[in-house]
Amino acid sequence: GRANHRHCASQLQQAPAIVLLLACQVVIAAGTTANSSKKASFGVRARLLSGWPRTPAAAQSLEWLRDVDSGAASTFLLQAGENESLLNSGSDTGGGLPQVDALMRSTSAQTFHELLVRNSYYSPRIEMFRSIERRDRKKFGAACSPGAAWALLWPVGAEVPTAVCDAAAFRASIQAGAHGGGTSP
């Protein structure tokens, strides 16, 4: 008798908690069912913050081309050398350059290129190259004008490289290397 009474009293004390738990499950299930019939539309925006300057779309596009088609990368560089405005025609925050898209045959490749450029995928690689250039300019190319294009050539058998500070000096060094001991860029 007395043991049964305690057992029943214990069951009654737990009953409100069980009923509350079941009621919560029913409300949650009903809300989930209602929400699953509606599709939520939302946008997500992210921003990459780095300690280096924004990477131009042309530099990112060149890296893309180097990865997928070195011949197209050479064509792009030749076109840019002949018409410098090509380098400024793309948006730094937008997608890829139209000139690069023209070098690609597939629309899926063009879309992937745009995605990579838009998300600054090649920015860390480009900054690594910039860092190497800054270090080498201090060490070997201090005589070259700041901000001007320059090259570091390693004559065959030399212990240190030679810095050339303009296109004419570069051309002369390459031609001398072709006829003489050789030069490795």
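Our subject in this report is the structure included herewith. On a predicted model such as this, the values are computed, not experimentally measured, just so you know.

Cut-offs applied
- Residues numbered from 1 in each chain as written.
- Predicted model: local features only at pLDDT ≥ 70, side-chain atom pairs only at ≥ 80, totals over all residues.
- Heavy atoms only, no water.
- Disulfide = S-S within 2.5 Å.
- Helix = DSSP H or I, 4+ residues; strand = E, 2+ residues; numbered from the N terminus.
- Core = buried A, V, L, I, M, F, W, Y, C linked by side-chain atoms within 4.5 Å.
- Buried < 20%, exposed > 50% of the residue type's maximum accessible area, 1.4 Å probe, protein only.
- Expected span 1.5 Å × (residues − 1).
- Contact = heavy atoms within 4.5 Å.
- Axes fitted to C-alpha atoms, helices over the stretch in contact; angles between N-to-C directions.
- Parallel < 35°, antiparallel > 145°, perpendicular 65-115°, else oblique.
- Nonpolar A, V, L, I, M, F, W, Y, C, P; charged D, E, K, R; others polar.

### A few points about the state of the cysteines
The tally for this structure, following the rule as stated, stands at one disulfide. Here Cys-144 pairs with Cys-165 through a disulfide, and the sulfurs are 2.0 Å apart. On the S-S bond that ties Cys-144 to Cys-165, the torsion sits near -75°, and the link is left-handed. One end of the pair, Cys-144, is in the loop between α6 (123-139) and β1 (151-155); the other, Cys-165, is in the loop between β2 (162-164) and α7 (167-179), and 21 residues separate them in sequence.

### Looking at the nonpolar core
Counting 15 residues, the largest nonpolar core has Trp-64, Leu-65, Phe-76, Leu-97, Val-100 and Tyr-122 as its most contacted members. Of all elements in the fold, only α2 (57-68), α3 (70-82) and α5 (107-118) reach the threshold of two or more residues within this core. Sorting elements by how many residues they give to this core places α2 first, with five residues.

### Quick word on α2
Taking 1.5 Å of rise per residue, the 12 residues of α2 would be expected to cover 16 Å, and the 16 Å separating its terminal C-alpha atoms lies within 8% of that figure. Ala-57, Ala-58, Gln-60, Ser-61, Leu-62, Glu-63, Trp-64 and Leu-65 are the residues of α2 that are buried. Summarising the contacts, the buried residues of α2 are in contact with α3, α4 (98-103), α5 and α6.

### What about the packing of α2 against α3?
With their axes 6 Å apart at the nearest point, α2 and α3 run at an angle of 150° to one another. By the angle class used here, α2 and α3 are roughly antiparallel. Between α2 and α3, the contacting residues are Ala-58, Leu-62, Leu-65, Arg-66 and Val-68 on the first element and Ser-70, Ala-72, Ala-73, Phe-76 and Leu-77 on the second. Residues of the contact of α2 with α3, tallied by class, amount to eight nonpolar, one polar and one charged.

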